[in-house]
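This is what each chain is made of:
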Amino acid sequence: MRILGLIATGQPEANLESTRHFLDNKSQIDKISILSTEFTQKTGITERLKDSLLALCNNSLEIEIIDIPHGYEESNMWSIQDIILDWVKEHPATARFIFNVTGGTKLMSLALDRASQMIGASRAECFYQSRDHKIVWYQRQNDKVVFNIHKNLNLQQRVGSRGYEISKQQLITDIAIEELHYAQILINLMQSDFQRGRRFCSFINKLAAIATETKNLTVHFPQMGSDEVDGLSVLAKITNQHFFSFDESLRSIEFKNEYTREYMKGGWLEVYAGYECFKALMALDPQAELAINVELKKDNTPNEMDVMFIHQAYLYCIECKTAKTMADNKAQDVLYKLASLQGFGGLNQKRAVVSLYPLQDYNLNRAQNSDIHIFQERDLLDLENKIKAWLQA
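Along each chain, the written sequence defines residue order, and numbers are assigned to residues from 1. Where local features are concerned, this predicted model is filtered to residues with pLDDT of at least 70; where side-chain atom pairs are given and counted, the filter is 80 or more; whole-chain, interface and lining totals use all residues. Hydrogens and waters are ignored; side-chain quantities use all the structure's heavy atoms.

### Let's talk about the layout of surface pockets
Here is step 1 of the chain: By volume, the largest pocket amounts to about 590 Å³.
Here is step 2 of the chain: Grid points spaced at 1 Å and placed over the protein atoms alone form the basis of the search, with a cavity being a set where a 1.4 Å probe fits but cannot get out and a pocket an open set showing protein on both sides within 12 Å along at least five of seven lines. Lining residues have an atom within 4 Å of a point. Lining the largest pocket we find 25 residues, and of these Glu262, Gly267, Glu270, Asn293 and Asp306 sit closest to its centre.
Here is step 3 of the chain: Strands here are runs of E lasting at least two residues and helices are runs of H or I lasting at least four, both read from the DSSP assignment and numbered beginning at the N terminus. Those elements that place two or more of their residues in the lining of the largest pocket are strand 8 (165–171), helix 11 (258–284), strand 12 (290–298), strand 13 (301–311), strand 14 (314–321) and helix 12 (330–339).
Here is step 4 of the chain: When grouped by side-chain class, the residues that make up the lining of the largest pocket number 8 nonpolar, 6 polar and 11 charged.
Here is step 5 of the chain: Its volume calculated, the second largest pocket comes out at about 370 Å³.
Here is step 6 of the chain: Broken down by secondary-structure element, the contributors of at least two residues to the lining of the second largest pocket are helix 8 (177–192), helix 9 (194–213) and helix 10 (226–238).
Here is step 7 of the chain: Residue polarity is assigned by list, with Asp, Glu, Lys and Arg as charged and Ala, Val, Leu, Ile, Met, Phe, Trp, Tyr, Cys and Pro as nonpolar; anything else, Gly included, falls into the polar class. Within the lining of the second largest pocket, the residues separate by chemical class into 7 nonpolar, 3 polar and 6 charged. Grid points are joined across faces, edges and corners, and a volume is the space filled by probe spheres set on the points.

### Details of the sheet that holds strand 16 (residues 372–376)
Here is step 1 of the chain: Strand pairing requires that DSSP identify at least two bridges connecting the strands. In spatial order, the strands read 8-12-13-14-15-16; together these 6 strands make up an open sheet with mixed pairing. Edge positions in the sheet fall to strand 8 and strand 16, since each has one partner strand and no second. The sheet shows a mean angle of 30° between the axes of neighbouring strands, direction not considered.
Here is step 2 of the chain: The pairing of strand 12 with strand 13 spans 8 bridges and is antiparallel. Each bridged residue has a counterpart across the sheet, and for leucine 296 the counterpart in strand 13 is asparagine 303.
Here is step 3 of the chain: When checking whether two residues touch, look at their non-hydrogen atoms; a contact exists if any pair is within 4.5 Å. Think of each axis as a best-fit line through the C-alpha atoms, taken over the contacting stretch in the case of a helix, with angles from 0 to 180 degrees between the N-to-C directions. The strands touched by helix 11 within the sheet are strand 8, strand 12, strand 13, strand 14 and strand 15 (349–355), with strand 12 carrying the most contacts at an inclination of about 110°.

### Let's talk about the packing of helix 9 against helix 11
Here is step 1 of the chain: Running from amino to carboxyl end, helix 9 crosses helix 11 at an angle of 135°, the nearest separation of the two axes being 8 Å. Put simply, helix 9 runs oblique to helix 11. Viewed along their axes, helix 9 and helix 11 form a crossing whose handedness is left-handed. In this structure, helix 9 contributes Cys201, Ile204, Asn205, Ala208, Ala209, Ala211 and Thr212 to the contact, and helix 11 contributes Arg261, Glu262, Met264, Lys265, Gly266 and Trp268. Here the angle decides the label: under 35 degrees means roughly parallel, over 145 means roughly antiparallel, 65 to 115 means roughly perpendicular, and every other value means oblique. Each crossing gets its handedness from the near helix: less than a right angle anticlockwise from the far helix is left-handed, clockwise is right-handed.

In structure tokens form, the structure reads like this:
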């Protein structure tokens, strides 16, 4: 009998990633036992961890809870150690134990470590999960103590362990080719002449915004200049009027539906950024999952994220903005939103903004202080390589 011992912690991925590694590698786990405190019980941490573990093993393993009396986790290592040793005695002499000391309070981790040594190396050993996605058997005396975790949790497993549910998402592999083509056309325009191409993108945003404000699909804009007329005529033609039709004589644009209107207003940048992230990921982790337009809910409170994926146990969250106001005060709201994502991301989280317009220096400093990466202006023209460098930093 082989038993995996875990500590209920506010960083559940530290338990889930390693457990999934053992299950995938057929490590013959027969039971999972969770050290739980009154705090982790009351806050739902223990129950969410148990539910996530049951989902990982398809309800094939017994999962038991070992209660640690209130306050012991902060002040009574010796008593925690005795609880563990008494629990071990309830099992047959042939039982083997592996303990994950990642997470929990320091005293709980120390108690597990000491208990393991008292049980003896022939029956028990400890490991921790490193921040760089490895399992480290630190008590072993041989050379082979570090093992790579080759797979990530999927997005729902990652956020579900924190009480969130993904209520809506669009996998990048399901994006229509027409949407990718449209986004690439705009990027190509900016590669030819960045300022002119960006102005054209902003003009389209403006038309789509007017249509949204008036709750209409048609916008009559007689004051548009010849550059805008030529640009819209060509864009409608090369996209086979998939997104909109344009009447040159009336200076009138008609969006096909509300979805294409919102896509042209700024959704194209989410698709482009998501696809460039996906290409960068495929070069590093071909099994990676990436989604755009993600909506997460907890207690019926929604949170939205433009691009989300997991790489090397880090949850990456990216916001994409085409608005000119990113060069002014709007950037503060975006940065605040990303800085407050601790709830569903945890410590192993990386965040970024992809912006068509540059942020002011004070917002760049704020982003740097919050460890938020900024991709702006011409960064978009080589976004795949910029993203890849970020992933490997």
